[in-house]
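Below, each chain spelled out in residue letters.
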Amino acid sequence: MKYESRLVATEPAQGQLGATEATLYTVPALARAARVRVVLNNSHATNSNTVSIYYRRYGETTSRRIGYFVLAAGETAAGELGPLAAGDMLRGMATNAANVDYLITCDQESDV
């Protein structure tokens, strides 16, 4: 049996950051995220929000902060990272819960 690697664009996660660190996206089993794109928007009309983005490797209990910045009211930020392995997680938080919207899209690679 021959196996091929296949790249599939997905839209796996969207929501709002909470005030404590929480999982935003987990790479599915038997897949790799070749490229992950994260878009963040501070939807609050007047408050700025400090945002932290974390990476947690599959099987580990400690997250590593990979992004830390302030979004002014109404400001948007975007970035890319990858590759990530099956079970790896992106996590995040903001100073004010439910003020920062996020959208995470990725190109997942799986063996077929």
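Being a predicted model, the structure only gives us computed values, none of them experimental. Residue indices begin from 1 for each chain and proceed along its sequence in written order. Predicted model: local features are reported for residues with pLDDT of at least 70 only, side-chain atom pairs are reported and counted for 80 or more only, and whole-chain, interface and lining totals are derived from all residues. Remark: hydrogens and water are excluded; side-chain values derive from all non-hydrogen atoms of the structure.

Visitor: Sorry if this is basic, but what is going on with the overall build of the protein here?
Guide: Across its full length, the protein carries 0 helices and 8 strands. Taken along the three principal axes of its C-alpha coordinates, the protein extends 60 × 25 × 15 Å. Categorising residues by exposure relies on relative accessible area from a 1.4 Å probe, with only protein chains included: less than 20% of the type maximum marks a residue as buried, more than 50% marks it as exposed, and the intermediate range marks it as partly exposed. The buried share of the protein, reckoned over its 112 residues, is 33%. Taking the intrachain contacts of the protein between residues at least 6 apart in sequence as the baseline, contacts between residues at least 24 apart amount to 82%. For the protein, the exposed area adds up to about 6,400 Å²; of that, 51% sits on carbon and sulfur atoms. A positive count includes Lys and Arg, and a negative count includes Asp and Glu. His and the chain ends are not counted in either. The atoms used to mark charge sites are NZ of Lys, CZ of Arg, CG of Asp and CD of Glu. Of the side-chain charges in the protein, 10 are positive and 11 negative, and the distance between the mean point of each set is 5 Å. Think of it this way: any DSSP run of H or I at least four residues long counts as a helix, any run of E at least two long counts as a strand, and we number them from the N terminus. Contacts: residue pairs with any heavy atoms within 4.5 Å of one another. Note on areas: these come from Shrake-Rupley sampling with a 1.4 Å probe, and a residue is covered only by the protein chains present in the view.

Visitor: Quick question: what am I supposed to make of the nonpolar core here?
Guide: Grouped burial of nonpolar side chains is what soluble globular proteins tend to show. Remark: nonpolar core denotes a set of buried residues (Ala, Val, Leu, Ile, Met, Phe, Trp, Tyr, Cys) joined through side-chain atoms within 4.5 Å. In this structure, Leu17, Val36, Leu40, Val51 and Ile104 are the most contacted members of the largest nonpolar core, which totals 21 residues. Among the secondary structure elements, those contributing two or more residues to this core are β2 (22-26), β3 (31-42), β4 (49-56), β7 (89-94) and β8 (100-111). Sequence-distant contacts of leucine 17, defined by excluding residues within four places in its chain, comprise Leu24, Leu40, Val51, Gly92, Met93, Ala94, Asn96, Ala97, Ala98, Val100 and Tyr102.

Visitor: Explain the pattern of salt bridges to me, please; I cannot follow it from the model alone.
Guide: Any two side chains of opposite charge can pair, on the condition that their charged atoms come close. The working definition used for a salt bridge is a side-chain nitrogen of Lys or Arg within 4 Å of a carboxyl oxygen of Asp or Glu. One pass over the full model with this rule turns up 5 salt bridges. Note that glutamate 21 is salt-bridged to arginine 56, the shortest N-O span being 3.8 Å. Note that glutamate 21 is positioned in the loop between β1 (5-16) and β2 and arginine 56 in strand β4, a separation of 35 residues in sequence. Arginine 91 is the partner of glutamate 21 in a salt bridge, and the nearest nitrogen-oxygen pair spans 2.7 Å. Here glutamate 21, found in the loop between β1 and β2, pairs with arginine 91, found in strand β7; they are 70 residues apart in sequence, far enough to count as distant. We classify glutamate 21 as partly exposed; its relative accessible area is 26%. Three or more residues are tied together by salt bridges with common partners; here these are Glu21, Arg56 and Arg91.

Visitor: Looking at this structure, I do not really get the sheet that holds β4. What am I missing?
Guide: As a general point, the strands of a sheet are linked pairwise by backbone hydrogen bonds and lie either parallel or antiparallel. Here, a strand pair is defined by DSSP locating no fewer than two bridges between the strands. Spatial ordering of the open sheet is given by β2-β7-β4-β5, a layout of 4 strands whose pairing is antiparallel. Among the strands making up the open sheet, the edge pair consists of β2 and β5 (64-71). Ignoring which end each strand starts from, the neighbouring axes of this sheet average 25° apart. The sheet contact formed by β4 and β5 spans 7 bridges and is antiparallel. Following the sheet pairing, tyrosine 54 is matched in β5 by arginine 65. In this analysis an axis means a line fitted to C-alpha atoms, helices contributing only their contacting stretch, and an angle means the value between N-to-C directions, from 0 to 180 degrees.

Visitor: Would you explain the packing of aromatic side chains in this entry?
Guide: For any two aromatic rings, the description comes down to two numbers: the centre-to-centre distance and the angle of the planes. Only centres within 6.5 Å qualify two rings of Phe, Tyr or Trp (six-membered ring in Trp) as a pair; their planes then separate them into stacked at under 30 degrees, edge-to-face at over 60, and tilted for everything else. If you walk through the whole model with that rule in mind, you get 0 aromatic pairs. The criterion for a charge sitting over a ring is simple: Lys NZ or Arg CZ within 6 Å of the ring centre, and within 35 degrees of the ring normal. Lying over the aromatic face of tyrosine 68, arginine 65 brings its terminal NZ or CZ to 4.3 Å of the ring centre.

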